[in-house]
Amino acid sequence: MKKNLFFAAASIVALILVTTMALAQQPAPQTIDQEIESLEKRLLELKQRKRDTLIKQVNALRGEVENLERARNEPLTVSVEQPRTNADPGAPTISSPPSSVGFDATGGRAPSAGRVNVNPTVSNPAIGAQQGAGNHTDDRCYLIRLDPGRYSRFDQQLCFLARNIYRKRITENDPKKVIDLTENETEILTVLYGQIALTSDNLARDERAKLILDVEASRTDKQLGADDRSSGTTSVAVRGGIPTILSWAVENGAATASSSGSTLTFRVNPVGLIEALSGQGYASSFGNSENDWFTNFLRRGSIGLSFDVSRGSDIPTFIGSKQQVSAISYRYELINQRDPRRRRYRQLWANFLEEEGLKLMTEQTGQLRRLLAPRTPESNFAAGFRNRALQQWLDRTNEALKETTVAPTALNENAAIEEIHMILASRLSELPINELEQDHDFIDAINSFVGAYKPYLQGRKEILDRVAKGALVTFEFTNYREVNAPDVSNFRFIAEKAAFGKVNLTANASLSIYNKLPKMMTPGGMINGAEIKRLRDFSFTGQMDVPLRDVMGLGNSNLSFAGKYQRLTSDAVALDGAVLPNTKGDVAVGQVKLVIPIKDTGFKLPISITFANRTELVREKEVRGNFGVTFDLDTLFARFKPFK
Amino acid sequence: MEKVVNASRVFRCLRGEEVTLAFTPHNTNVGVSFESDDESLRGTVRDNTLSFKVEGARITLRFFFHFEVDSGASYEIMLKGSQGGNFADTPSVIPSGDVPPIREYLFIT
C-alpha cells in the first residue's frame, strides 16, 4: 500500500517535471491554449511511460512480498531467553498502537513499539514481534522515518538502529551485520534506557525518561494549498515558504471567491525535483546549491499549477485537462532566514559545539567507560558491555538478527529495515531488566549517559527556535485562467516573521490586472454602462498563526486568524464574462482557521470559518465554512532518500 | 597502519606513527568532537581533519557527530596512517534524530 502510494507520488512528481519543463520550452508567441495543448500531449506520453515502469516495479515488489511471506512462514529455531512479558503473560497478543509513548489515562505509560509482548512459544523472533504487537503493521519504522518528530526518541532510536544495521549491511554487502557497539552506541543505549524506564517506576518519573519517552514536533511555514483567489481555497493569507520538491493540496469550499468549487494545486521546486530524480537526494542537493550561486538562485523559485476540478465535469474530478488549469504561478524566495544550514547561523553552531557539544561528549565518554568492557586481544578487541546479562542479551539479539530473511538491497529497503526493527522490538521484551536494575553502576551510568542529552538538546533547540523566527520574504506572480471571463495576472509580496513565542505573522500585499480588458471581448468598452479598468484590484492581508499543543495525539495543530482588505477598482466580471453592476468597492474578510495534521501520513486537514462584508460578485454579507486536505511530499522525500 | 582482521574499527599502527582522520561533511557545518579514553586527546575537529601520533600501547578514540538538521546530512570518514594504509570507514555517519551519533576507534601498536 505504502509502496503504491510512493509510486503514485513518484508519478505525480514526474508529471510535474514534464509540465514545468514543457512550460520552460514553450516559444514566446504561443498562446496559453497552445501551451496547454502541448503540455497535455507531453503529459500523456509521460503517463504511458510511467505506467509501463510502474507495472514492472509492482511486479518486482509482488515477488519480493511473496518471498518475504514465504520466509516468515518457515519456522526458525532461535531460542528465547527468559521470556519476560510486560503485562499479562497469558495474553498472546497485545496491541501496540503506532502512536508514540505517552501517558495513558491511568497514569501509566501507553504501550510502545519497544514494549512488545512476545508469546513465549514463538521461536522466530520476527514472527514473535509481529504477533506480539497485535495490530503492529510492518511499516512502523517507515512511518517513524517519514516524520520522526511525531515519535518519542525511544521509538526513533529503535528505528534508527534498524536503519543503521541495514545501511551497514548494504554498504559492506554483508547480510549478517548486526549491532556494533563501535557505531551504534547512541541508538542502543537510548533504547535500553527507554525500555528500562518503561518498566521501572523509579525511572519512569524521571525527567530523563520524559526526554526519551515523550514526543515533540512541528513546522508550519509552507503554503501548500491554493491562494485566496482560487476556487475552493481555505486560505485568506498566503504563506511564504516553498517546498523543496513538491506539494499538492486539494481543498473544498470557498473563502473570498463567490463561487464554490474544488482546486487541486501542485507546486514544484524544479531544481529540487531534477536533483531528486537524478539521485542526488534532499541532502546533497542543498549542500551543492549553497556553494553554487546559480543553482542557489534557481532553487529559490517554484512553479505552481492549480486545477479547478469542477470544470468540465458534473462531479468534481481531476482529469488534468487544459480547461481545468485555473492558475499558473511562479514564486521566488527573496529572503529565507529559516534554514538552520544557512551561513548566517554558522557561528551559533560553532559556539554550540564548543560548549554543549564538548560537555555532552565528556559526560557520555565517561559513562561509556563504565558501561563498556575493555577491548582485549583475547576477544579480538570486540566491543561489549560490562554487565554480563546485558552482553548475553546482546549476543542473542545479534544471533536473532543474523536470521533475517529479507535481502538488504535498495529495492527491499523498507522491508529489510522493518524486519530488523521487528526483531529488535521483540528482543527488547526479553531484556533482563531485573538483573540490570540490580547493577547500580550500570543504572547510574546509563542514567548519566542519557541525562547528558538534556542541556545539549536545550542548546540545540534555542538555536533552532531562533532560526524559526527568521524572516521570510517571497514574491509571487500568478496567471489566473478563467473559462469565459478575461484572464487575470496577480503580483504579490509575502512577508513572514515570528513575533513572540511561536506565533508567526504573515503579511501580503498584492495587485491584479486584467490580461485583456473585458471591453476587448465585447466591443464598445462599456458593458451595461460599466467601465472596466485594467487594474482589477489591490489588497492587503494580515495573518497570525498560533501553533497548538498536541492534545489529541494527532500532532501539533495550527490555529490562525486572518484579515483582508481588498479594493475592486471597477465592477466585477463574473465567470461567464458578464459584468456585474454596482460591485465596485471594498471587500473586507476575516477568517479563523484550524489545521489538523493526520498523524503518520503527511496529510493535514484545514478547517476554516470566513466572514465577509460582501464577496467580489455579490454585495451581501457572507459567512462560510470550509474544509480541505493538504499533503507535503517534502516530509516523505526527506526520509525516502536522505543522503547521497 | 593496518586494519585488524575481523575486528570492528581496530587499527594496528607502528609506534610513533601519525594517524590522520579526514571528515567530509555533506549538508552540515556543525562539526565533529572527539575524546580519547585517557583524555589526552579532546576537542573539536578543525578543518575537518584530525592528526595524532600513536605513542603508547593503545588509544581508544570516540567521535561525536553533530548536525543542524535531523535528517538529510552525513559525514564521510577516511583514515590514513603516515606509514601507509588508507581506509574509508563505511557507512557514512548520518543523523540519529537530534542526538549525536558516536563512532569509536581503537589504535594499537
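The rules behind the values
Residues numbered from 1 in each chain as written. Chains lettered and ligands numbered in written order. Predicted model: local features only at pLDDT ≥ 70, side-chain atom pairs only at ≥ 80, totals over all residues. Heavy atoms only, no water. Core = buried A, V, L, I, M, F, W, Y, C linked by side-chain atoms within 4.5 Å. Buried < 20%, exposed > 50% of the residue type's maximum accessible area, 1.4 Å probe, protein only. Contact = heavy atoms within 4.5 Å. Disulfide = S-S within 2.5 Å. Helix = DSSP H or I, 4+ residues; strand = E, 2+ residues; numbered from the N terminus. Salt bridge = Lys/Arg side-chain N within 4 Å of Asp/Glu carboxyl O. Buried area = accessible area lost by both parts, 1.4 Å probe. Polar contact = N/O pair within 3.5 Å; in protein donor to acceptor, adjacent residues only side chain to side chain. Pairing = 2+ DSSP bridges. Phe/Tyr/Trp six-rings, centres within 6.5 Å; stacked < 30°, edge-to-face > 60°.

Here we come to the nonpolar core. Counting 72 residues, the largest nonpolar core has Ile188, Leu189, Leu192, Phe385, Leu424 and Tyr453 of chain A as the members making the most contacts within it. Excluding residues within four positions of it along the chain, Tyr453 of chain A makes contact with Thr186, Thr190, Leu211, Ile212, Leu360 and Gln364 of chain A together with Val99 and Pro100 of chain B. Listed in part, the 27 residues of the second largest apolar core include Phe11, Val32, Ile77 and Leu79 of chain B.

The next point concerns the state of the cysteines. All names here are of chain A. The full count for this structure, using the stated rule, is 1 disulfide over all chains. Here Cys141 connects covalently by a disulfide to Cys159, the sulfurs 2.0 Å from one another. Every disulfide takes its handedness from the sign of the S-S torsion; for Cys141 and Cys159 that torsion is 85°, giving right-handed. Highlighted residues: Cys141 in helix H4 (residues 140–146) and Cys159 in helix H5 (residues 153–171), separated in sequence by 18 residues. Residue Cys141 shares its accessibility class with Cys159, and that shared class is buried.

On inspection of all chains with the given rule, the structure shows 33 salt bridges over all chains. Here Arg369 of chain A and Glu39 of chain B are joined by a salt bridge, their closest N and O atoms 3.2 Å apart. In this pair, Arg369 of chain A is assigned in helix H12 (residues 346–371) and Glu39 of chain B in the loop between strand S4 (31–36) and strand S5 (42–44), connecting two distinct chains. In this structure Glu39 of chain B comes out as partly exposed when scored by relative accessible area, which is 48%. Where salt bridges share partners, they join Lys168, Glu172, Lys177, Asp180 and Glu183 of chain A together with Arg9, Asp89 and Arg103 of chain B into one cluster.

With that out of the way, let us pick up the interface of chain B and chain A. Contact with chain B, which involves 49 residues of that partner, is made by 50 residues of chain A. Around 4,300 Å² of area is buried between chain B and chain A when both sides are counted, 52% of it from carbon and sulfur atoms. Across the chain B-chain A interface, the total number found is 9 salt bridges. In this structure, Arg369 of chain A engages Asp37 of chain B in a salt bridge whose closest nitrogen and oxygen atoms are separated by 3.6 Å. Here chain B is connected to chain A by 29 residue pairs in polar contact (both at pLDDT 80 or more). If you list the elements that add at least two residues to the side of chain B that touches chain A, you get S4, S5, strand S7 (58–66), strand S9 (86–93) and strand S10 (102–108) of chain B. When residues in the side of chain B that touches chain A are grouped by element, the largest group, 6 residues, is from S4 of chain B.

What follows covers the pairing of strand S7 (residues 504–514) of chain A. Residue and element names in this part refer to chain A. By the alternation rule, side chains of S7 split into Asn504, Thr506, Asn508, Ser510, Ser512 and Tyr514, which are all buried, and Leu505, Ala507, Ala509, Leu511 and Ile513, of which none is buried. Sheet analysis places strand S6 (residues 488–498) next to S7, joined by 11 bridges and oriented antiparallel. When the bridges of S7 are listed, Glu496 appears paired with Thr506. The turn joining S6 and S7, which pair antiparallel and follow one another in sequence, is formed by 5 residues; a positive phi near 55° is taken by Gly501. The sheet contact formed by S7 and strand S10 (residues 535–547) spans 10 bridges and is antiparallel. Bridging from a neighbouring strand, Asn508 pairs with Thr541 of S10.

A few words on the packing of aromatic side chains. All names here are of chain A. Counting across every chain of the model gives 16 aromatic pairs over all chains. Ring geometry for Phe477 against Phe491: centres 5.3 Å apart, planes inclined by 45°, an arrangement best described as tilted. Taken together, the positions of Phe477 in strand S5 (residues 472–480) and Phe491 in strand S6 put the pair 14 residues apart, joining distant regions of the chain. Judged by relative accessible area, which is 32%, Phe491 ranks as partly exposed.

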